[in-house]
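Each chain, letter by letter, is given below.
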Amino acid sequence: QLQASGGGLAQRGGSLRLSCAASVTSGRIYDMSWFRQFPGKQRELVAVISSGGNTNLADSVKGRFTISRDNAENTMSLQMNSLKPEDTAVYYCNVRIQFSTTDYRAYWGQGTLVTVSS
C-alpha cells in the first residue's frame, strides 16, 4: 500500500515536495519511482532511486528535482525546485517489490496533483 502526499499549487520558480510512504508486509522494496501524467498522455518516468541510492532523472527535470528515500522508513521524496508550468501534472509514486530472485511486482500510489502557475 502506497500513500502519496505533498501535491498542490506553486508559482513558477517555486518549490514543492512530494512524499510517498510504502507499507510492506512481505518482500523487500527494490526501487522506488515517481511518474507523472499529463492530460491525455501516458505516464512518464520522472525519477527512480534504487535500494542502494542510485538515481536516474528525466532530462526535463535534471538539476531541478531531487529524489531521495529512507530505506528504514520505506519512504521516498521528490523535491521539486524551479518549477515550471510544464511540470503541471498528476504525479504517481511507484514501488517495485522483490519477492524472490525472479518475482518483482510493481505497485502504484494514488496520484497527487501538482499545478504550477505562470
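Numbering of residues starts from 1 in every chain and runs along the sequence as written. Totals for whole chains, interfaces and linings use every residue, but because this is a predicted model, local features are given only for residues with pLDDT of at least 70 and side-chain atom pairs only at 80 or more, for both listing and counting. Excluded from the side-chain calculation are hydrogens and water; included are all heavy atoms of the structure.

Draft legend 1. The arrangement of the overall build of the chain in detail. Helix and strand definitions follow DSSP, with helices as H or I runs of at least four residues and strands as E runs of at least two, each counted in order from the N terminus. Helix and strand counts for the chain stand at zero helices and eleven strands. Secondary structure elements of the chain, listed N to C terminal, follow the sequence β-β-β-β-β-β-β-β-β-β-β. Relative to its length of 118 residues, the chain is compact, with a C-alpha radius of gyration of 14 Å against a globular reference of 13 Å. Here the C-alpha coordinates of the chain stretch approximately 45 × 25 × 20 Å along the principal axes. Three exposure classes are used, based on accessible area relative to the maximum for each residue type with a 1.4 Å probe and protein chains only: buried under 20%, partly exposed in between, and exposed over 50%. Within the chain, the fraction of its 118 residues that count as buried is 37%. Whether two residues are in contact is decided by their heavy atoms: any pair within 4.5 Å suffices. Within the chain, counting contacts between residues at least 6 apart in sequence, those at least 24 apart form 53% of the total. Residue exposure ignores everything except the shown protein chains as possible cover, and the areas themselves are Shrake-Rupley values with a 1.4 Å probe. Here the chain displays about 6,300 Å² of accessible surface, and carbon together with sulfur accounts for 45% of that area. Seen as two clouds, the 12 positive and the 8 negative side-chain charges of the chain have centres 3 Å apart. Each radius of gyration reported is based on C-alpha atoms, and the globular scaling rule is 2.2 Å times the count of residues to the power 0.38. Asp and Glu are treated as the negative residues and Lys and Arg as the positive ones, with His and the ends of the chain left uncounted. Where a charge sits is defined by one atom per residue type, namely NZ (Lys), CZ (Arg), CG (Asp) or CD (Glu).

Draft legend 2. Focus on the sheet that holds strand β7 (residues 65-70). With antiparallel pairing, four strands are arranged side by side in an open sheet as β1-β3-β8-β7. Taken across any chain shown, the strands that pair with only one partner, and hence form the sheet edges, are β1 (2-5) and β7. For this sheet the average axis-to-axis angle between neighbouring strands, irrespective of direction, equals 15 degrees. In this analysis, strands are considered paired if DSSP registers two or more bridges between them. Axis angles are defined between N-to-C directions and span 0 to 180 degrees, where every axis is a line fitted to C-alpha atoms and, for a helix, only to the segment in contact.

Draft legend 3. Here's a closer look at the state of the cysteines. In what follows, a disulfide is any cysteine sulfur pair within 2.5 Å. Scanning the model with the defined rule gives one disulfide in all. Disulfide pairing places C20 opposite C93 at an S-S distance of 2.3 Å. Linking C20 and C93, the disulfide has an S-S dihedral of approximately 60 degrees and is accordingly described as right-handed. Note that C20 is positioned in strand β3 (residues 16-22) and C93 in strand β9 (residues 89-98), a separation of 73 residues in sequence. The exposure class assigned to C20 is buried, which follows from its relative accessible area of 1%.

Draft legend 4. Representation of the pattern of salt bridges. Criterion for a salt bridge: a side-chain nitrogen of Lys or Arg within 4 Å of a carboxyl oxygen of Asp or Glu. Inspection of the entire model under this criterion finds six salt bridges. Among the ionic pairs, D87 bridges to R64, the shortest N-O distance being 2.7 Å. Of this pair, D87 sits in the loop between β8 (75-80) and β9 while R64 sits in the loop between β6 (55-57) and β7, and the two are 23 residues apart along the sequence. We classify D87 as buried; its relative accessible area is 1%. By sharing partners, the salt bridges in this structure join R36, E44, R64 and D87 into a single network.

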